[in-house]
Structure formats: C-alpha cells, structure tokens
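Architecture and fold: a report
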Amino acid sequence: MKSEKNQASILSPFSIVLALSLFCFLMAVFNLMGEGQSVGESLKQSLNFWKDGFFSLLDFTMQMMMILVFGYAIAIFKPIHAYLRKISKIPSSPLSAILFTASITMVAGLLNWGFGLIIGALLARFVYLAMEEKGVKINPALLGASGYLGMAVWHGGLSASAPLKVAEEGHFLASQIGTVSVSETLFTSFNVTMTGGLILVFLVTLIFLSRKDYPYHKPTYSHPLRPIPQGEIGNLARWTGLVILLVFGLQFLKLDALGLGFLNLNLVNFLLFGITLFLYKNLQSFTEATTEGIKSSVDIFIQFPFYAGILGLVTYSGLLESVSLFFLETTSQAFFPVLTLFSAAIVNLLVPSGGGQWAVQGPVIMEVGKSLGLDSGKLIMVFSYGDQISNLLQPFWALPLLAITGLNARDLLRYTSWLFLMGTLFLAFSVYFFF
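Conventions and cut-offs
Residues numbered from 1 in each chain as written. Predicted model: local features only at pLDDT ≥ 70, side-chain atom pairs only at ≥ 80, totals over all residues. Heavy atoms only, no water. Helix = DSSP H or I, 4+ residues; strand = E, 2+ residues; numbered from the N terminus. Rg over C-alpha atoms; globule rule 2.2 N^0.38 Å. Buried < 20%, exposed > 50% of the residue type's maximum accessible area, 1.4 Å probe, protein only. Contact = heavy atoms within 4.5 Å. Areas by Shrake-Rupley, 256 points an atom, 1.4 Å probe, with all protein chains shown as cover. Lys, Arg positive; Asp, Glu negative; His and termini not counted. Charge placed at Lys NZ, Arg CZ, Asp CG, Glu CD. 1 Å grid on protein atoms, 1.4 Å probe; cavity = no way out; pocket = protein on both sides within 12 Å on 5 of 7 lines; lining within 4 Å. Points joined across faces, edges and corners; volume = space filled by probe spheres on them. Nonpolar A, V, L, I, M, F, W, Y, C, P; charged D, E, K, R; others polar. Core = buried A, V, L, I, M, F, W, Y, C linked by side-chain atoms within 4.5 Å. Patch = residues over 30% accessible without salt bridge, like charges linked within 9 Å, V, L, I, M, F, W, Y side chains within 5 Å. Salt bridge = Lys/Arg side-chain N within 4 Å of Asp/Glu carboxyl O. Phe/Tyr/Trp six-rings, centres within 6.5 Å; stacked < 30°, edge-to-face > 60°. Lys NZ or Arg CZ within 6 Å of the ring centre and 35° of its normal. pLDDT = per-residue confidence, 0-100.

Before going further, it helps to examine the overall build of the protein chain. What the protein chain contains, in helices and strands, is 22 helices and zero strands. Compactness check: the protein chain gives a C-alpha radius of gyration of 22 Å against a globular reference of 22 Å for 435 residues, within 12% of the reference. Dimensions of the protein chain, computed from C-alpha atoms along their principal axes, come out at roughly 70 × 50 × 50 Å. Here the protein chain holds 435 residues, and the buried ones make up 53% of them. Expressed as a percentage of contacts within the protein chain between residues at least 6 apart in sequence, the contacts between residues at least 24 apart total 83%. Of the roughly 19300 Å² of accessible surface on the protein chain, a fraction of 67% belongs to carbon and sulfur atoms. The average position of the 24 basic charges and that of the 22 acidic charges among the side chains of the protein chain differ by 15 Å.

In this section: empty space enclosed by the protein. Enumeration over the complete set of coordinates arrives at three cavities of 30 Å³ or more. Surrounding the second largest cavity, Ala124, Arg125, Tyr128, Pro140, Leu143, Gly144, Pro219, Tyr221, Thr405 and Leu407 form its lining. The set of elements that each furnish at least two residues to the lining of the second largest cavity consists of helix 7 (113–133) and helix 8 (140–146). Per-class residue counts for the lining of the second largest cavity are seven nonpolar, two polar and one charged.

What follows covers the nonpolar core. Ranked by size, the top nonpolar core spans 110 residues in total, and within it Trp113, Leu149, Phe202, Tyr280 and Leu392 carry the most contacts. Broken down by element, the residue count for this core peaks at 13 residues, all from helix 7. In this structure phenylalanine 202 touches Met106, Leu149, Ala152, Val153, Ile389, Leu392, Leu419 and Gly423, once residues within four positions along its chain are discounted. Judged by nonpolar contacts, the second largest core, of 17 residues, contains Ile177, Val180, Leu372 and Leu379.

This part takes up a nonpolar patch on the surface. A grouping of Leu22, Phe23, Leu26, Met27, Phe30, Met33, Val39 and Leu43 is seen on the molecular surface, where their side chains present a nonpolar patch of about 720 Å² in accessible area. Among the elements that make up the nonpolar patch, the one with the highest residue count is helix 2 (residues 13–34) (six residues).

Inspection of every chain in the model, using the stated rule, returns 16 aromatic pairs. Relative to phenylalanine 306, the ring of phenylalanine 54 lies with its centre 5.2 Å away and its plane at 80°, an arrangement referred to as edge-to-face. Here phenylalanine 54, found in the loop between helix 3 (39–53) and helix 4 (58–75), pairs with phenylalanine 306, found in helix 16 (residues 298–316); they are 252 residues apart in sequence, far enough to count as distant. Residue classification places phenylalanine 54 among the buried positions, given a relative accessible area of 17%. Plain terms: the ring middles of phenylalanine 70 and phenylalanine 273 are 4.7 Å apart, the flat faces sit at 45° to each other, and that makes the pair tilted. Taken together, the residues span a long stretch of sequence, with phenylalanine 70 in helix 4 and phenylalanine 273 in helix 14 (residues 265–280) at a distance of 203 residues. Classification of phenylalanine 273 as partly exposed rests on a relative accessible area of 29%. Three or more aromatic residues joined by ring pairs make a cluster, and in this case those are Trp50, Phe54, Phe55 and Phe306. One Lys or Arg, arginine 211, reaches over the ring of phenylalanine 208 and ends 5.5 Å from the middle of that ring. Above the face of the phenylalanine 278 ring, arginine 238 is positioned so that its terminal group lies 4.6 Å from the ring centre.

The subject of this paragraph is the confidence of the model for the protein chain. Scored by pLDDT, the protein chain comes out at a mean of 86, with 91% of its residues at no less than 70. Mean pLDDT in the protein chain bottoms out at helix 1 (residues 2–10), which sits at 43, and peaks at helix 11 (residues 189–209), which reaches 97. Scored below 50 in pLDDT, residues 1–10 shows two contacts in the model against residues more than four places distant or in partner chains.

The next thing to look at is the pattern of salt bridges. According to the stated counting rule, one finds five salt bridges in the structure shown. For glutamate 168, the salt bridge goes to lysine 165, with nearest N and O atoms at 3.1 Å. With respect to class, glutamate 168 is no different from lysine 165; both count as buried. Each of Asp59, Lys165 and Glu168 takes part in salt bridges that share partners, so that together they form one network.

And the structure:
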C-alpha cells in the first residue's frame, strides 16, 4: 500500500509540472551556453527568467479557476441534481443509456468544461443506478466513459481557454498575433464541422463498444453526493446576479457593431458568476456552493505559476526562437497543422490544463504558423482539438468522475482509449485534408 502511495505521489500532476520546469530550465541553460555564455552566467540568467515569468499569468490563473468553480457550483445545484436523477430513468436499454449519457455530457461540456465534467459524472452514476433498479444489465465502465466525453469536446465550445484567451485585448501573445476574435476560431464553419464530426465519431464508436461483452467491476461509492439547495432566506444574491445578467444582456445590443468579438474569458466568467448568484438566491448558499467548487480548482491555483515560469524560461532565454526555427526547417505548410494536433495531444499528457498548456505551447505554435503563413484562428483550434482529445488518456481530469461514479481508472481507460484512437484518426485526417 505504501509503495502505491509513493508511486501516485511520483506521478502526480504537480510532480509532472516540476519535472517539466526542470527540463525547460536545463534546456534554457544549454541554449544560453550555446550562445557563448559561461555555465554560471547561464544558470543565473535562467533562474531570473524563471522568476520573472512565475507570476506573469495571474489573470489567466484566476480566469481558469473561476470557470471551473462556477461550472462545478451550477452542476451541484439541488434542482439540477434532482432533474438529472429524473431524466436518468428515461433510457430503457444499455445502448440507449450509453448514447443518452454521452450526448448530454458532450452538450454540457461544450457549454462549460467544469459543468460538463460534473454533469457527466453525475449522469453516469444516476443512469447506472436507474438501470440497476429496472434489472437491466449495463457496463458501468462504458457508461463512465460516456460521461467523460465532455472533456474530449470542450475546447471547441464556449469555455475554450485558448480561443477565448486570444480574443482578449492585451493577451500574452498579442504582440505575436494580435487579437483573434472568436468569430475566427469558435464560431467558424471549420470548428462547427470538426466538433460535430467528432461527436458523431464518438457516438458511432460507443455503438460498437456496447456490443463487446468485456468483464467489469461493479462501482464502489466512497461517499454520498451532497447537492446544495437554493437559499431560503434573503434574495441579495439573486438580485446581484440579475444585475450581472442584465449587464451581460446589454452586450448583445452592440452585437452588430462588435460582431462576436466581444466574447472572451472574462465575459464568460461574468455570465457564469451572474447565473450562479441568481440560482442560489442568497449569499450563504452561493458561498457554500462555490466553496465546494474551489476545492476542485486547487491544482490550477498551485500549478499555473510553474507553467508561467516555464513560459518565462522558453521566451526570455531564446529557446522559443530556437524551437521555432527547428520546426521551420523540418516541417512544411501542409504538415505543420497535423504536427500541431499530435504535439498538443502529447504535451497534454504532461501538462493537464488546457490553459497551462497554451501558455507553454502557444508561443511556439503561433510563431511557426505565422512564419508559414497559416491561418491563426484555425491553428488555434487545431491546438485545441489536440489538447482535448488526449484527455481521454489523461487521469488528471478523470479524478472527479472516478470519485463520483465509483469506477477504477483501469476499467475506464479500456473504453476511453478506443474513443481516443477513433477521435484522433478523424481529427488527423480532417486537419490534413481540410485545414
């Protein structure tokens, strides 16, 4: 038992980002030495670069924490919880239960990744219990995989960190690519087609997987779920939320002048803040719900400064320029989008957060893409698809789902790996031929 705990500690997301920081630090040192600097000077400068970058993404850190916290708080709202229990009784067969869970989860994930993650987990648990009550045999691991698919489509939806970040004035890549409106990323026919096709591929794959009779373990629930009800006394939170929603609504009066360019991470969080306040009615219930959500955002709070430190290392040391030149010399305009897709999928296994990954990988992708004359909006979306698809192999974000559904990671991975394979083949083919 002790060795298992030690192994889990070694492979934790925090230890991975520390290892990645050390790797980038050494690469920065070697890059500076290659420019003729001494070992001591290279070490000193690299430490300063790391320190200078460490708090450069504080606004991004808060944005990503808030988008998860509010999504989580909305998902555990008692009426939503009760509604999920009610609709979980609708499916009458194993296949309909799996497709039902997957469809709702993916729609929820497109609305908000934190919301989709928790909604999918709750629905997988409730549907399994409902089928058990009906005496219908169903594989809980396949059902759990269906409830995790929101994390495989989220970066093409309304809480997408990379597309929403570059839509802000003065974002950290503004000097490279300027401001890229969501009308050039999320709300394009390219993204609608790619995301819609990916959803279809997942549903077809689930149909085939449901025909396989793999052995499975029954779920073991560690603790009961605790939905949080609407407050009974006071309406201060509701009125505050209503004001926020009205202010948000006024943005649509400017839609003709601004287009869809007004939408960014701050405005999405503003909307979620208003919705959460409005739902919980009083401040006590609102605080209780968001406190539960904050517990799930601790890893973002701890790890993002290290991602920012990595960004400082690769940018200030000249490593970014060196890597960009390497890609320019070894790739082509036709192949670089596919390389971006696969590299994003691989890096996501080391950097679980889409926002943190964009901070590290985004500068290189945008620099090379700009030099090759590629469409920045499409390239950002290709990065997004790569980041989201390998979540199906990434245990970091599956932890809340495993806790809620009572599944083990090995059983879940048996099905998510097939979904990953089919989804990646579709994305790679589509990006190569239709970018």
